[in-house]
Amino acid sequence: MGKKNNDKPLAQNKKASHDYFIEDTYEAGMVLTGTEIKSLRMGRANINDAFATIRNGEAFIHNMHISPFEQGNRNNPTDPTRARKLLLHKAQINKLIGHSKQEGYTLVPLKIYVRNGYAKLLIGLGRGKKNYDKRHTEAKRDAERQIQRALRERQK
C-alpha cells in the first residue's frame, strides 16, 4: 500500500495574508511527540497566534496549539503550546536568518498538512502590512469581485 500525497490543510492561518505581505514560502517538517500527529490528523490544531524563530541555527515554532488526544496514554505531551522544532535544510535556515534579521520581516506559519505520511508546516517570510496597505488590498479585491459579477451578468 503506497503513501499518497494529501495536501489538504489540517490547520490554516487565514489572517496571515491579511496582516503580512508573504514574500517567500518554505516547507518544514515538525518534530512531534506522542500522540500529537493523531490530534493533527483530526484537525485539532490552531496556528493563528503562532510564530517561528531561529535560535542557535535551529528553527522553532512557538504558540502553535495542538490539543491533547483524548484516547492518549502517558506519552501525551502536557503542554499543548510548547515550542516544537522545525526541520529545514541548513541552507534554508541560513537564508531565513539573513532575511528575518531585516527590519519588519518575520516568519509566519501559513498552514499544516500531511505529505507522504509526515506532518509539514508551510512557513512564509512575511513583511508586516500597515493599515493603509490592508485597506488598499481589500479595495482591490472588492473591485475584482464587482468585475467578475458584471462579467457573469453580461454572459446571461
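Reference entry: report on the structure contained in this document. (Residues numbered from 1 in each chain as written. Predicted model: local features only at pLDDT ≥ 70, side-chain atom pairs only at ≥ 80, totals over all residues. Heavy atoms only, no water.)

A short note on the environment of Glu36
At step 1: On the secondary structure map, Glu36 appears in helix 2 (residues 36-41).
At step 2: Residue Glu36 is classed as buried on the basis of its relative accessible area of 3%. (Helix = DSSP H or I, 4+ residues; strand = E, 2+ residues; numbered from the N terminus. Buried < 20%, exposed > 50% of the residue type's maximum accessible area, 1.4 Å probe, protein only.)

Focus on the side chain of Ser39
At step 1: Relative to the elements of secondary structure, Ser39 occurs in helix 2.
At step 2: On the basis of relative accessible area, Ser39 is assigned to the buried category, the value being 1%.
At step 3: Leave out the neighbours within four places in its chain, and Ser39 touches Arg44, Ile66, Ser67, Pro68 and Phe69. (Contact = heavy atoms within 4.5 Å.)

Comments concerning the pattern of salt bridges
At step 1: The final tally for this structure, using the stated rule, is seven salt bridges.
At step 2: One salt bridge in this structure joins Glu36 and Arg84, with 2.8 Å as the shortest N-O distance. Here the residue Glu36 occupies a position in helix 2, and Arg84 occupies one in strand 7 (residues 84-87), the gap between them amounting to 48 residues.
At step 3: The residue Arg145 makes a salt bridge to Asp142 at a minimum N-O spacing of 3.1 Å. Linking Arg145 with Asp142, this pair stays in helix 4 (residues 131-155), spanning three residues, or about one helical turn.
At step 4: Since its relative accessible area comes to 43%, Arg145 is described here as partly exposed. (Salt bridge = Lys/Arg side-chain N within 4 Å of Asp/Glu carboxyl O.)

A few points about the packing of aromatic side chains
At step 1: Under the defined criterion, the tally for this structure stands at zero aromatic pairs.
At step 2: Residue placement shows Arg55 over the ring face of Phe60; its charged tip is 4.6 Å from the ring centre.
At step 3: The lysine or arginine in question, Lys111, covers the ring of Tyr113, its NZ or CZ lying 5.3 Å from the ring centre. (Phe/Tyr/Trp six-rings, centres within 6.5 Å; stacked < 30°, edge-to-face > 60°. Lys NZ or Arg CZ within 6 Å of the ring centre and 35° of its normal.)

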